[in-house]
Amino acid sequence: MDYKEKTDPELVELCKRGNERAAAELVHRFERPVFSLIYRMVRDRELSEDLAQEAFVRAFNNIGRYDPSYKFSSWLFKVAYNLTIDHLRKKRLDTVSIHGSPTAVTSEMQQATAITPVATGELPDQALEAREIGSEIELAIGELREEYRTAIILRHVDGRAYEEISQIMDVPLGTVKTYIHRARKELQVHLQHLLT
Amino acid sequence: MMDRAQNPDRHLTPDEVELFTLGLPARPQSAETHLAACLECRSEVESLQALHRALSSLEHFAPAPAFAERVMARVTLPVPWRARAWTLARERWLPVAAALVAVLGATSLTALWLGNQPELSVGGVLELMSREVREFGLQVVMTAGGLLWNSAIVRSMADGIVNIGLEGAILLLSALSLVTISAAAAMARLVQPTPLRIGHTGQ
């Protein structure tokens, strides 16, 4: 059976019947977007790995409670978002820095937790430019309020619909629109020199 | 809000700006006309288009290698009871088959023995069985009672009840019950899985 060919709902059905290979395929499918969302929120690779792992484990161990009328990815992102928000609220990490985790106490730790966007095969000059622009955008995203940050990442980086973001963040559609509108306005101010 | 047909100079709404930013279809003609004429709205759309391009060019970060394997090592998928029963039967087929053979054998032998007793009717067999069971039960109760009475614990408890009186014994019994119930509740809380909170996060 080729699991890569299967749709998300088909894989979820197999998971509900105890098929671990179907679950592994879903992990492969969503590990990057889930990890990226968490990483952009907490800016700590090790912590993001732990939270992402916990999100997948909770989602699969409670797959019986998943409502198939929603997209599986929405359910998974919702679990990941709730875990991350709970963690951030506990640790009071309101503002994060691209230059490293706020909990880093040595320069080594700061270097280890800093975000370095990966270039995608451009020429050296273009790669450098892409890297710098990426960093500035990441920095600007990191300055946003956590709700704005989540909404803007889900909308523009992951390309998710407003309804889906509303389900993931458990807020009304109007609130999502407000978050995204305000996030864009703040980003436009921060990135003015790049966007003109 | 006043319709654009009534007021062609009204600026684009955030939803209309979104349509133009993402280049989505279903853009109203009146909004297109307004956009062509309004520098402010055009500049807003262009700025958001640039922001959208910048954001959508961001890469997804990858977790460390073997992330999926680490996740799967901790995942326990629910298994339907039919599959569970089949797995159990397949994994432990020998004891299951032996138990089935033993039950079938005993039933066959009993049926054979009963068939060779023409003087026994169905009612007679049932009466015989109930008498045997009654006698066996009585014997068990008598033996257990005798053993308990002779044990040192029961004797010391009986002496204790004599010393503390009936009220004291009832009080002691109540306290013991309370401790047992509390212990059972604590155990239940320990073994209960942590509920998954997927609800409102309270913003």
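Here the structure is a predicted model, which means the values were calculated and not measured. Within every chain, residues take consecutive numbers counted from 1 along the sequence as written. Following the order in which they are written, the chains are lettered starting with A and the ligands numbered starting with 1. Given that the model is predicted, a residue must reach a pLDDT of at least 70 before its local features are reported, and side-chain atom pairs must reach 80 or more before they are shown or counted; all residues, however, enter totals for whole chains, interfaces and linings. Only hydrogens and water are removed before side-chain values are computed, so all heavy atoms of the structure are retained for them.

1. Brief notes about a nonpolar patch on the surface
Residues qualify for a patch when their relative accessible area is over 30% and they have no salt bridge, like charges being joined within 9 Å and the nonpolar side chains of Val, Leu, Ile, Met, Phe, Trp and Tyr within 5 Å. Using a 1.4 Å probe, accessible areas were evaluated by the Shrake-Rupley method; residue-level cover was limited to the displayed protein chains. Note on definitions: salt bridges are taken to be side-chain nitrogens of Lys or Arg within 4 Å of carboxyl oxygens of Asp or Glu. A surface patch of nonpolar side chains, amounting to about 250 Å² of accessible area, comprises B:Trp113, B:Leu114 and B:Leu128. With respect to the helices and strands, the residue B:Trp113 is situated in helix H6 (residues 93-115). Counting from the N terminus, the helices are DSSP H or I runs at least four residues long and the strands are E runs at least two residues long.

2. Digging into the packing of helix H7 (residues 146-157) of chain A against helix H3 (residues 39-56) of chain B
Interaxial angle, 0 to 180 degrees, is taken between N-to-C directions of lines fitted to C-alpha atoms, where a helix line uses only the stretch in contact. Packing of H7(A) against H3(B) brings their axes to within 9 Å, and their N-to-C directions diverge by 90 degrees. Here H7(A) lies roughly perpendicular to H3(B), going by the angle between them. Where H7(A) approaches H3(B), its residues A:Ile152, A:His156 and A:Val157 are matched on the opposing element by B:His52, B:Leu55 and B:Ser56. Oblique is the label for every angle not falling under 35 degrees (roughly parallel), over 145 degrees (roughly antiparallel), or within 65 to 115 degrees (roughly perpendicular). In this description, contact between two residues means that some pair of their heavy atoms is separated by no more than 4.5 Å.

3. Some words on the packing of helix H2 (residues 20-42) of chain A against helix H4 (residues 67-74) of chain B
At their nearest, the axes of H2(A) and H4(B) sit 10 Å apart, and the two run at 135 degrees to each other. Taken together, the axes of H2(A) and H4(B) are oblique relative to one another. Crossing of H2(A) over H4(B) shows right-handed handedness. Counted together, A:Glu20, A:Ala23, A:Ala24, A:Val27, A:His28 and A:Glu31 of H2(A) and B:Phe67, B:Ala68, B:Val71 and B:Met72 of H4(B) form the full contact between these two elements. Its residues assigned to classes, the contact of H2(A) with H4(B) comprises seven nonpolar, one polar and two charged. Handedness of a crossing follows from how the near helix is turned relative to the far one, being left-handed for an anticlockwise turn of less than a right angle and right-handed for a clockwise one. Residue type decides the class: Asp, Glu, Lys and Arg count as charged, Ala, Val, Leu, Ile, Met, Phe, Trp, Tyr, Cys and Pro as nonpolar, and the leftover types, Gly among them, as polar.

4. Topic: the interface of chain A and chain B
Chain A puts 64 residues into the contact, and the matching count from chain B is 40 residues. Across the chain A to chain B interface the summed buried area is about 4800 Å²; carbon plus sulfur atoms make up 59%. As used here, buried area is the combined drop in accessible area, with a 1.4 Å probe, of two parts when they are placed together. Taken as a group, A:Gln53, A:His156 and A:Leu195 account for 12% of the area that chain A buries against chain B, more than any other trio of residues on that side. Counting every contact that joins chain A to chain B gives six salt bridges. We call two N or O atoms a polar contact when they sit within 3.5 Å, provided that within protein one can donate a hydrogen and the other can accept it, with sequence-adjacent residues counted only if both atoms are side-chain atoms. The interface formed by chain A and chain B holds 16 residue pairs in polar contact (both at pLDDT 80 or more) in total. Looking at the side of chain A that touches chain B, the elements that each hand over two or more residues are helix H1 (8-16), H2, helix H3 (45-61), helix H4 (72-91), helix H6 (124-142), H7, helix H8 (162-169) and helix H9 (173-190) of chain A. For the side of chain A that touches chain B, the leading source of residues is H2(A), giving 12 residues. When the residues that make up the side of chain A that touches chain B are grouped by side-chain class, the tally is 29 nonpolar, 13 polar and 22 charged.

5. Details of the pattern of salt bridges
All names here are of chain A. Inspection of every chain in the model, using the stated rule, returns 17 salt bridges over all chains. One salt bridge in this structure joins lysine 71 and glutamate 164, with 3.4 Å as the shortest N-O distance. With a gap of 93 residues between them, lysine 71 in the loop between H3 and H4 and glutamate 164 in helix H8 connect regions that are remote in the sequence. Between arginine 145 and glutamate 147 there is a salt bridge; the shortest N-O distance is 3.4 Å. Its relative accessible area of 44% is what places arginine 145 among the partly exposed residues. Put simply, Arg89, Arg145, Glu146 and Glu147 are held in one network by salt bridges that share partners. Relative accessibility decides the category of a residue: with a 1.4 Å probe and only protein chains considered, values under 20% of the type maximum give buried, values over 50% give exposed, and everything between is partly exposed.

6. Considerations on unusual backbone geometry
If you check the backbone angles, A:Asp170 has positive phi at about 60 degrees while not being a glycine. Inspection of the secondary structure assignment puts A:Asp170 in the loop between H8 and H9. Phi is positive for B:Ala66, which is not a glycine, with a value near 65 degrees. Here B:Ala66 shows up in the loop between H3 and H4.

By themselves these figures say nothing about function.
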